[in-house]
Amino acid sequence: MTKSLDESLSFFKDKIIDCIKSKKSISVTTHIDCDGLTSGSIITKALIRAGANCTVRTSKEFSKNVLESFKTDSRDFHIVTDLGGGFANELDKTLGDNWIVLDHHQIPDEELDNQNVINSWKYGIDGGTDICAGGMAYLASEALDERNSDLSAIAIVSALGDRQDQGERKSFTGKNFEIANIAKELGLVDIDLDLLLVGRETRPLADSLAFTSQPFIEGLTWNREACFSLLKSSGVNLKEEGRWRVPADLNEEEKRQVIESITKFASGKNTTEIMSELIGYTYTFPREDNRSFLRDGREFSTMLNSCGRINRSGVGMAVCMGDRNKILREAETILTDYRKMIREYMNILSNERWRISESETCVMVNGEDIVPETMTGTISSLIAGSPKNSGKIVILRTKGEENTIKFSSRKSFGCTSDINLSEIMRNGAERFDGIGGGHNAAAGAKITKDKLDEFLNYLEVNVVNVPSSSNSQ
Ligand code: C5P
Ligand code: C5P
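Residues numbered from 1 in each chain as written. Chains lettered and ligands numbered in written order. Predicted model: local features only at pLDDT ≥ 70, side-chain atom pairs only at ≥ 80, totals over all residues. Heavy atoms only, no water.

As annotated in an unreviewed UniProt entry, the protein is Single-stranded DNA exonuclease RecJ from Nitrosopumilus oxyclinae.

**A few points about the packing of aromatic side chains**
Going by this rule: In this analysis, rings of Phe, Tyr and Trp, with Trp reduced to its six-membered ring, are considered paired at centre separations within 6.5 Å, and the interplanar angle assigns stacked below 30 degrees, edge-to-face beyond 60, and tilted for intermediate values. A helix here means a DSSP run of H or I that spans at least four residues, while a strand means a run of E at least two residues long, and both kinds are numbered starting from the N terminus. When accessible area is computed with a 1.4 Å probe and restricted to protein chains, residues below 20% of their type maximum are described as buried, those above 50% as exposed, and intermediate ones as partly exposed. Counting as a charge over the ring demands two things of the Lys NZ or Arg CZ atom: a distance within 6 Å of the ring centre and an angle within 35 degrees of the ring normal.
Considering all chains together, one arrives at 10 aromatic pairs under this definition. Relative to Phe455, the ring of Phe432 lies with its centre 6.2 Å away and its plane at 85°, an arrangement referred to as edge-to-face. Linking Phe432 in the loop between α16 (421-431) and β14 (435-438) with Phe455 in helix α17 (residues 452-464), this pair joins segments that are 23 residues apart in sequence. Of the two residues, Phe432 and Phe455, both sit in the buried class. The rings of Phe407, Phe432, Phe455 and Tyr458 are connected pair by pair, giving a single aromatic cluster. Above the plane of the ring of Trp244 lies Lys239, whose end atom (NZ or CZ) is 4.6 Å from the centre.

**Topic: helix α15 (residues 376-385)**
Each α-helix turn comprises 3.6 residues. Residues three or four places apart therefore point the same way. Put simply, the rule reads: Working rule for contacts: check all heavy atoms of both residues, and any pair within 4.5 Å makes them a contact.
Of all 10 residues in α15, eight are buried; the element is thus mostly enclosed. Residues of α15 that are buried include every one of Thr376, Gly377, Thr378, Ile379, Ser380, Ser381, Ile383 and Ala384, and no others. In this fold, the buried residues of α15 make contact with α12 (297-309), α14 (327-351), β11 (362-366), β12 (393-400) and β13 (404-411).

**Brief notes about the site of ligand 2**
The condition is simple: Being near a molecule or strand, for a residue, comes down to having at least one heavy atom within 4 Å of it. Definition of a polar contact: a pair of N or O atoms within 3.5 Å, with one able to donate and the other able to accept a hydrogen when the atoms are protein atoms, and with sequence-neighbouring residues admitted only if both atoms are side-chain atoms. Each accessible area is a Shrake-Rupley estimate made with a 1.4 Å probe; only the visible protein chains count as cover when residues are assessed. Amino acids outside the nonpolar list (Ala, Val, Leu, Ile, Met, Phe, Trp, Tyr, Cys, Pro) and the charged list (Asp, Glu, Lys, Arg) are all regarded as polar, and Gly is one of them.
Contacts to ligand 2 come from 14 residues, most closely from His105, Lys406, Ser408, Arg410 and Gly437. Take Gly437: an N or O atom from its main chain is 3.2 Å from an oxygen atom of ligand 2. Between Gly438 and ligand 2, the recorded distance is 3.3 Å, taken from a backbone N or O atom to an oxygen atom. Its free accessible area being 460 Å², ligand 2 has 82% of it covered by the protein chains. Taken together, the elements giving at least two residues each to the shell around ligand 2 come down to β13, β14 and β15 (442-448). Considered class by class, the residues forming the shell around ligand 2 number four nonpolar, eight polar and two charged.

**Here's the deal with the nonpolar core**
Heads up, the condition is: The term nonpolar core refers to a set of buried residues drawn from Ala, Val, Leu, Ile, Met, Phe, Trp, Tyr and Cys, joined through side-chain atoms within 4.5 Å. Note that domain bounds follow an automatic or database assignment of domains.
Counting 65 residues, the largest nonpolar core has Phe12, Ile26, Ile79, Ile156, Phe300 and Met303 as the members making the most contacts within it. At seven residues, helix α6 (residues 152-161) tops the list of elements feeding residues into this core. Built from parts of two domains, this core gets at least three residues from each of domain 1 (5-188) and domain 2 (194-342). Leaving out residues up to four positions away in the same chain, Met303 has contacts with Phe293, Leu294, Val319, Ala331 and Leu335. Ile395, Cys415, Ala445 and Leu452 belong to the second-largest nonpolar core, a separate cluster that totals 24 residues.

**A closer look at the packing of helix α2 (residues 34-49) against helix α13 (residues 313-320)**
Put simply, the rule reads: To define axes, lines are fitted to C-alpha atoms, for helices over the stretch in contact only, and angles between the resulting N-to-C directions are given on a 0 to 180 degree scale. Roughly parallel covers angles under 35 degrees, roughly antiparallel covers those over 145, roughly perpendicular covers 65 to 115, and oblique covers all other angles. The hand of a helix crossing depends on one turn: near helix anticlockwise from the far one by less than a right angle means left-handed, and clockwise means right-handed.
One way to put it is that α2 packs onto α13 with a least axis distance of 9 Å and a crossing angle of 50°. The angle between the axes of α2 and α13 places the two elements in the oblique class. In terms of crossing hand, the pair formed by α2 and α13 is right-handed. Here Leu37, Thr38, Gly40 and Ser41 of α2 lie close against α13, whose contacting residues are Ser313, Gly316, Met317 and Cys320. Its residues assigned to classes, the contact of α2 with α13 comprises three nonpolar, five polar and no charged.

Take a look at the structure:
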């Protein structure tokens, strides 16, 4: 019998209390992206507060290698967050009953009855939109001790990092909405309708407008000079006391002026769409310093993604767990480097047009030898965000370690395809001895290089040549 969510959470609590009482050491293994780092930090912080003896580590993926490492690991109990879907049987074989997975990825049916799998889908909660691993880790932490409710703020960063702000005007839905409200009631977050410009707290206005690619505004996006002249002519002061002003500095009247100028500039060209994407909910952490990249939830999530993606997960986790000293400068440098790297990869991919092939419904991109494996997901999300790919499925491939190829797929904005990318990637990878999974709209896979042609043929039949809104497989 599948347990209810509450039953699973108290099962979790009992397991942890037992570990603490019997002095069992606990290992937390989590993913390297924003959701991984936040969920790992939330659960680790809760364990430390409870007096558990625990350590935490990150992994790019959950694989046979990770399972093997558990066999020789001296720790007694394993918690896996944001990873581990599809591995329940092997975890049972390797660790007996000494493990728990906290996750939100779609899982095969045979895992639904395994009580050690605490996965949102088991409880009818959509893990693609309504909760992420950070949210699941938050619920488990709060069940352990209700004083952990302050960790709700970090769970907001998880959901933003996984782009679960898909409700009206970029709001949250389901459990994410409930968790964000807990943080709001505790005074940990301000939720406001505002201009959605990237780098709200840190970037000069013109940069901020130029680097905002959702909405993509023809003539402004990626064009700093054009943004600068538009903002200047809007009458808003771009500098104050010798410093460039950032979006968070604008008062209501100034925001109105900016919106009016953008509307005029874009006149005729999908103005309504632009406006509806430009205004949405912002999540501001009032306890962080003004102009800190941790004050805006979305920028905080980008920083965490950047740490994981360039192999500096420890920095991101330290920040999530409350470290605010020298580490902040390090995190800031990582964020800057990461943004630079992204620009370079996107430039190369758009210059070498042979790397991109398109059908009516799908864009396939070959990023081998350009995009490093750890950045695959970030770049495929960005390619999917480009307006010329809207409505399509994007699939990017890169080289992985040990003769492997990594695939990352995304449904772009406006995509109406019925294809479930999680099923495509999981089934395809399994057919060719690889691993794969994820969500309906964002999924990945890894196969060995010798299977590449066969896997590409499989994608050709099941994705590339499948017309929109018709089922596959
Ligand atoms: O492992 P995980 O679930 O955390 O990752 C989901 C990935 O899919 C994230 O990188 C997130 O940014 C991306 N995503 C996306 N578009 C969506 C939903 C998720 O690019 N609509
Ligand atoms: O790597 P990428 O960002 O494209 O992954 C998209 C989603 O698919 C993530 O949620 C990731 O955890 C999941 N995924 C998976 N198994 C893989 C690769 C990705 O479950 N082998």
